[in-house]
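Structural overview for review
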Amino acid sequence: MQKFIIAVVMILVLTGPVSGAEKAFEALDKDKDGIISQQEYVDATAKTFNKLDKDGSGHLDKEELEALSEADRKDWLAEMDKNRDGRIDRNEFQEEALERFSTADADENRCLDSREWSKWQTQQRVSPLIQFSF
Ligand SMILES: [Ca+2]
Ligand SMILES: [Ca+2]
Ligand SMILES: [Ca+2]
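What counts and what doesn't
Residues numbered from 1 in each chain as written. Chains lettered and ligands numbered in written order. Predicted model: local features only at pLDDT ≥ 70, side-chain atom pairs only at ≥ 80, totals over all residues. Heavy atoms only, no water. Helix = DSSP H or I, 4+ residues; strand = E, 2+ residues; numbered from the N terminus. Buried < 20%, exposed > 50% of the residue type's maximum accessible area, 1.4 Å probe, protein only. Contact = heavy atoms within 4.5 Å. Areas by Shrake-Rupley, 256 points an atom, 1.4 Å probe, with all protein chains shown as cover. Donors = N, O, S within 2.8 Å, 3.2 Å for Na, K, Ca; no water. Tetrahedral: all angles 85-135°; square planar, octahedral: opposite > 155°, others 65-115°. Axes fitted to C-alpha atoms, helices over the stretch in contact; angles between N-to-C directions. Parallel < 35°, antiparallel > 145°, perpendicular 65-115°, else oblique. Nonpolar A, V, L, I, M, F, W, Y, C, P; charged D, E, K, R; others polar. Left-handed = near helix turned anticlockwise from the far one by under 90°.

A few points about the overall build of the protein chain
When helices and strands are counted, the protein chain shows seven helices and four strands. Per-residue burial over the protein chain gives 34% buried out of 134 residues. In the protein chain, the proportion of contacts linking residues at least 24 apart, taken out of those at least 6 apart, comes to 58%. Accessible surface computed for the protein chain: about 8,600 Å², of which carbon and sulfur atoms make up 55%.

Some thoughts on the coordination of the calcium ion (ligand 2)
Put simply, the ideal angle at a metal is 109.5 degrees for four donors in tetrahedral geometry and 90 or 180 degrees for six donors in octahedral geometry. Bound to the calcium ion (ligand 2) on the protein side are Asp53 (OD), Asp55 (OD), Ser57 (OG), His59 (O), Glu64 (OE) and Glu64 (OE), at distances that span 2.2 to 2.5 Å. The site at the calcium ion (ligand 2) holds six donor atoms, and with the angles between them running 53 to 158 degrees, its shape is irregular. For the calcium ion (ligand 2), the donor residues sit on a single chain with the sequence spacing D-x1-D-x1-S-x1-H-x4-E. Of this pair, Asp53 sits in the loop between α3 (38–52) and β2 (59–60) while Glu64 sits in helix α4 (residues 62–65), and the two are eleven residues apart along the sequence. Side by side, Asp53 and Glu64 carry an identical accessibility label, which is buried.

Describing the coordination of the calcium ion (ligand 1)
Summarising the metal site, the calcium ion (ligand 1) is bound by the protein donors Asp29 (OD), Asp31 (OD), Asp33 (OD), Ile35 (O), Glu40 (OE) and Glu40 (OE), whose distances to it range over 2.3 to 2.5 Å. Note that the calcium ion (ligand 1) binds six donor atoms; their angles at the metal cover 52 to 159 degrees, and the shape is irregular. We note that the donor set of the calcium ion (ligand 1) lies within a single chain, spaced as D-x1-D-x1-D-x1-I-x4-E.

Some points on the packing of helix α5 (residues 70–80) against helix α6 (residues 90–104)
Two numbers describe how α5 lies on α6: the axes approach to 10 Å, and their chain directions differ by 90 degrees. Taken together, the axis directions place α5 and α6 in an arrangement best described as roughly perpendicular. For the pair α5 and α6, the contacting residues are Trp76, Glu79 and Met80 in the first and Glu92, Phe93, Glu96 and Arg100 in the second. Across the contact of α5 with α6, the residue classes break down as three nonpolar, no polar and four charged.

Some details on the packing of α3 against α6
Axis separation between α3 and α6 bottoms out at 10 Å; the angle between their running directions is 145 degrees. Judged by the twist between their axes, the crossing of α3 over α6 is right-handed. Listed contacts from α6 to Gln38, Tyr41, Val42, Thr45, Ala46, Thr48, Phe49 and Asn50 of α3 are Arg90, Phe93, Gln94, Ala97, Leu98, Arg100 and Phe101. Per-class residue counts for the contact of α3 with α6 are eight nonpolar, five polar and two charged.

See below:
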């Protein structure tokens, strides 16, 4: 029994806990080349948008934004609702996604490596646009 426990502890020590950011990175890196390309990121955010846009109208209205927490909803509208009509349309969403991507892409090679990614994850003040994709 003791041996078993020691073995389990060893495995935990060696592998370490997989953080949420790491999991998200793996999920986003569809072609498994170890980087998140701009395309991979945009695809993931588009998926989030489609999931939230329940009626497929091409914009997220008040009811659809209910899926978010109140704080997130406020942040999203403040950040993305450029024409201030109270809803977020697909273009507004994509523009925000691209903006966030370039913020994270420190060396501007249109790819995020795991270092850029985890740094960005700890810096983001509003919740990621991809949280509903997984
Ligand atoms: Ca990739
Ligand atoms: Ca809609
Ligand atoms: Ca709008």
